[in-house]
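# Descriptive analysis of the structure
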Amino acid sequence: MDAEKKLTFLLENKRLGNELQTIASKVYHGERISEEDGVLLYERGDLGYLGVLANFIREKRHGDITYFNRNFHIEPTNLCVYDCKFCSYSRLIKQREDGWEATMDEMLDQIKSYDNEPVTEVHIVGGVLPQYDMPFYMELFTAIKRHRPNLHVKALTPVEYHYIFKKAKVDYATGMAMMKDAGLDSMPGGGAEIFHPEVREQIAKDKCNAEQWLQIHEAWHKLGMHSNATMLYGHIEGYWHRIDHMERLRELQDKTGGFQAFIPLKFRNMDNQMSHISESTVIEDLRNYAISRIYLDNFPHIKAYWAMISRETAQLALGFGVDDIDGTLDDTTKIYSMAGAEEQHPAMSTQELVELIKHVGRHPIERDTLYNIITDYNEIVFQEESTKQSTYYQLPVVNK
Ligand code: V47
Ligand code: SF4
């Protein structure tokens, strides 16, 4: 049954109750849902119901297309002046001997090690330390661009920008314009956590607050540039905090249109100060993807970060609103493996990623950071099946 028929069927289901039926009708007619509706979805929407709504929106926007990109990560340091309770990098937890502080030359060597690889993006994010200041990052971005002008530099979050601009005594608009001139192409979505102060002050107290995070993205968007947004969920926050978080993003997106993807990040509890909190279940993760797709009606893409949630959950998420599963990382990021992500050494070849998407009946497209199509893999058949194919789910017959 196609996505529209499933939703029509649901609309006729009298046992659903008025409120859930009204929300389903709003989704069918392309109307925006309210904050109250959003909380109600979290409280009362079961997985089947939410999946039908989210998949209807996903397929209306993107059909079966599922995006990925070829990127690698650079993490300048795992030491940090801040002390976020969920972070496995935190200076109180990690002894200095466990830490690394990469020099400019070491980072440029990392960039050069990809010279013969068809990657399109470098994602740079890590801890905050005084020596990684505005002049340092401007020089780094300029050097990367001088070496490989077409490599897209997606780097740093408002957490770092707020810190380095304050140190350099420049306002956000000036600072972001200077970063753009130095070679910054886009901003990743990190550092958002949960915006509401009731939660933020308990888990990420000293770093930039919600207003500052949003103002820095706004300044960036005003330069005609793009960025992503994340939400760290499944710890001490309530459903209402998640909706408040998405509402603030939806408002800014109405104003600027600069966000590309929303990336829900599941809290992982290994080796951090919140290890006593249980992690969310896969069902809760899928419900959360679906509600994000329904609520953020002005965000083009919902992204699942496969390295964090497992390949199988990433495949399932494609039926719950997700249309992007990030990149073919190759073990260059540590922040999640240190926090207990499924994949301790996340690496997936393009072939494996393409097969993973095709095995659940979707249409794989390699994109660049700005969602321009690089390769359409729908009709491309690899000579041999990947040896790792049996490690994740495979539909015997495409059944949608
Ligand atoms: O802001 C830290 C999160 C984020 C944990 O824009 C944790 O394309 C879960 O934002 N459990 C940084 N999450 C990573 C990020 C990101 C990732 C992939 C793609 C993009 C993009 C952005 O990682 C931090 C924080 O919210 N994080 N510790 C943890 N224990
Ligand atoms: Fe530092 Fe970021 Fe970790 Fe917070 S989440 S302690 S800002 S590295």
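In this report, the structure presented in the accompanying data block is examined. (Residues numbered from 1 in each chain as written. Chains lettered and ligands numbered in written order. Predicted model: local features only at pLDDT ≥ 70, side-chain atom pairs only at ≥ 80, totals over all residues. Heavy atoms only, no water.)

### Re the overall build of the protein chain
- Looking only at helices and strands, the protein chain features 15 helices and eleven strands.
- Across the 400 residues of the protein chain, 60% fall into the buried class.
- Across the protein chain, the fraction of contacts at a sequence separation of at least 24, relative to all contacts at a separation of at least 6, is 76%.
- Just so you have it, the protein chain exposes about 16600 Å², and 51% of that area is on carbon and sulfur atoms. (Helix = DSSP H or I, 4+ residues; strand = E, 2+ residues; numbered from the N terminus. Buried < 20%, exposed > 50% of the residue type's maximum accessible area, 1.4 Å probe, protein only. Contact = heavy atoms within 4.5 Å. Areas by Shrake-Rupley, 256 points an atom, 1.4 Å probe, with all protein chains shown as cover.)

### Some words on the nonpolar core
- Judged by nonpolar contacts, the single largest core of 120 residues is most densely connected at Tyr49, Ile124, Phe141, Tyr161 and Leu249.
- Setting aside its immediate chain neighbours within four residues, Tyr161 contacts Phe141, Ala155, Leu156, Met176, Met179, Leu184, Met187 and Ile216. (Core = buried A, V, L, I, M, F, W, Y, C linked by side-chain atoms within 4.5 Å.)

### Some remarks on the side chain of His62
- One can find His62 in helix H4 (residues 47-62).
- A polar side-chain atom of His62 sits 2.8 Å from the main-chain carbonyl oxygen of Pro300.
- Sequence-distant contacts of His62, defined by excluding residues within four places in its chain, comprise Tyr67, Pro300, His301 and Asp323. (Polar contact = N/O pair within 3.5 Å; in protein donor to acceptor, adjacent residues only side chain to side chain.)

### Re the packing of helix H8 (residues 172-182) against helix H10 (residues 210-222)
- Close contact between H8 and H10 brings their axes to 9 Å; oriented N to C, the two are set at 50 degrees. The angle between H8 and H10 falls in the class oblique. Note that H8 runs across H10; the crossing there is right-handed. On the side of H8, the interface is formed by Tyr172, Ala173, Met176 and Lys180, while H10 contributes Gln212, Gln215, Ile216, Ala219 and Trp220. (Axes fitted to C-alpha atoms, helices over the stretch in contact; angles between N-to-C directions. Parallel < 35°, antiparallel > 145°, perpendicular 65-115°, else oblique. Left-handed = near helix turned anticlockwise from the far one by under 90°.)

### Let's talk about the packing of aromatic side chains
- All told, the structure shown has 15 aromatic pairs when counted by the stated rule.
- Each ring, one from Tyr82 and one from Tyr163, has its centre 6.3 Å from the other, and the planes form 80 degrees; the classification is edge-to-face. Here Tyr82, found in the loop between strand S2 (71-74) and helix H5 (104-112), pairs with Tyr163, found in helix H7 (residues 158-168); they are 81 residues apart in sequence, far enough to count as distant. An identical accessibility class is assigned to Tyr82 and Tyr163; each is buried.
- Ring plane angle 85 degrees and centroid distance 5.1 Å describe the contact between Tyr132 and Phe136, whose orientation is recorded as edge-to-face.
- Cluster of aromatic residues (ring-pair linked, three or more members): Phe195, Trp213, Phe259, Phe262 and Phe299.
- Sitting over the face of the ring of Tyr295, Arg250 holds its NZ or CZ atom 3.9 Å from the ring centroid.
- Geometry around Tyr371 places Arg367 over its ring, the cationic atom sitting 4.3 Å from the centre. (Phe/Tyr/Trp six-rings, centres within 6.5 Å; stacked < 30°, edge-to-face > 60°. Lys NZ or Arg CZ within 6 Å of the ring centre and 35° of its normal.)

### Focus on the site of ligand 2
- Taken together, Cys80, Tyr82, Cys84, Phe86, Cys87, Tyr89, Gly126, Gly127, Val159 and Lys207 make up the full set of residues adjacent to ligand 2.
- In terms of residue class, the shell around ligand 2 is made up of seven nonpolar, two polar and one charged. (Near = heavy atom within 4 Å. Nonpolar A, V, L, I, M, F, W, Y, C, P; charged D, E, K, R; others polar.)

### Regarding the sheet that holds strand S10 (residues 363-367)
- The strand order S9-S1-S10-S11 describes an open sheet built from four strands, whose pairing is mixed. Pairing within the sheet leaves two strands with one partner each, and these edge strands are strand S9 (324-327) and strand S11 (373-376). Pairs of neighbouring strands in the sheet enclose a mean axial angle of 30 degrees, with direction left out of account. (Pairing = 2+ DSSP bridges.)

### A look at the pairing of strand S4 (residues 152-155)
- The alternating pattern of S4 places His152 and Lys154 and Val153 and Ala155 on opposite faces, both of which are buried.
- Taken together, strand S3 (residues 121-124), helix H6 (residues 134-147) and S4 form a β-α-β motif whose crossover is right-handed. (Right-handed = clockwise from strand over helix to strand, strands pointing away.)

### Overview of the pattern of salt bridges
- Counted under the stated rule, the structure contains 25 salt bridges.
- What you see here is one network of salt bridges that share partners, running through Glu237, Arg242, Glu284 and Arg287. (Salt bridge = Lys/Arg side-chain N within 4 Å of Asp/Glu carboxyl O.)

### Quick word on the pairing of strand S6 (residues 226-233)
- The element S6 is extensively covered by neighbouring structure, given that seven of its eight residues are classed as buried.
- Here strand S5 (residues 186-187) pairs with S6 via two bridges, running parallel. Within S6, the position partnered with Met187 by the bridge is Ser227.
- Where S6 and strand S7 (residues 259-266) come together, six bridges link them in parallel fashion. Looking at S7, one finds that Met231 is bridged to Pro264.

### With respect to the environment of Leu223
- With respect to the helices and strands, Leu223 occurs in the loop between H10 and S6.
- Look at Leu223 and you get partly exposed, because its relative accessible area is 29%.
- Sequence-wise, Leu223 and Met176 are 47 residues apart; in three dimensions their C-alpha atoms are separated by 8.3 Å.
- When sequence neighbours within four positions are dropped, the list of residues in contact with Leu223 reads Met176, Ala177 and Lys180.

### Remarks on the packing of H6 against H8
- Where H6 meets H8, the axes come as close as 8 Å, and the angle between the chain directions of the two elements is 30 degrees. In this view, H6 runs roughly parallel relative to H8, as classed from their interaxial angle. Taking contact as the criterion, the partners of Met134, Met138, Phe141 and Thr142 in H6 are, on H8, Gly175, Met178, Met179 and Ala182.
- Class assignment for the residues of the contact of H6 with H8 results in six nonpolar, two polar and no charged.

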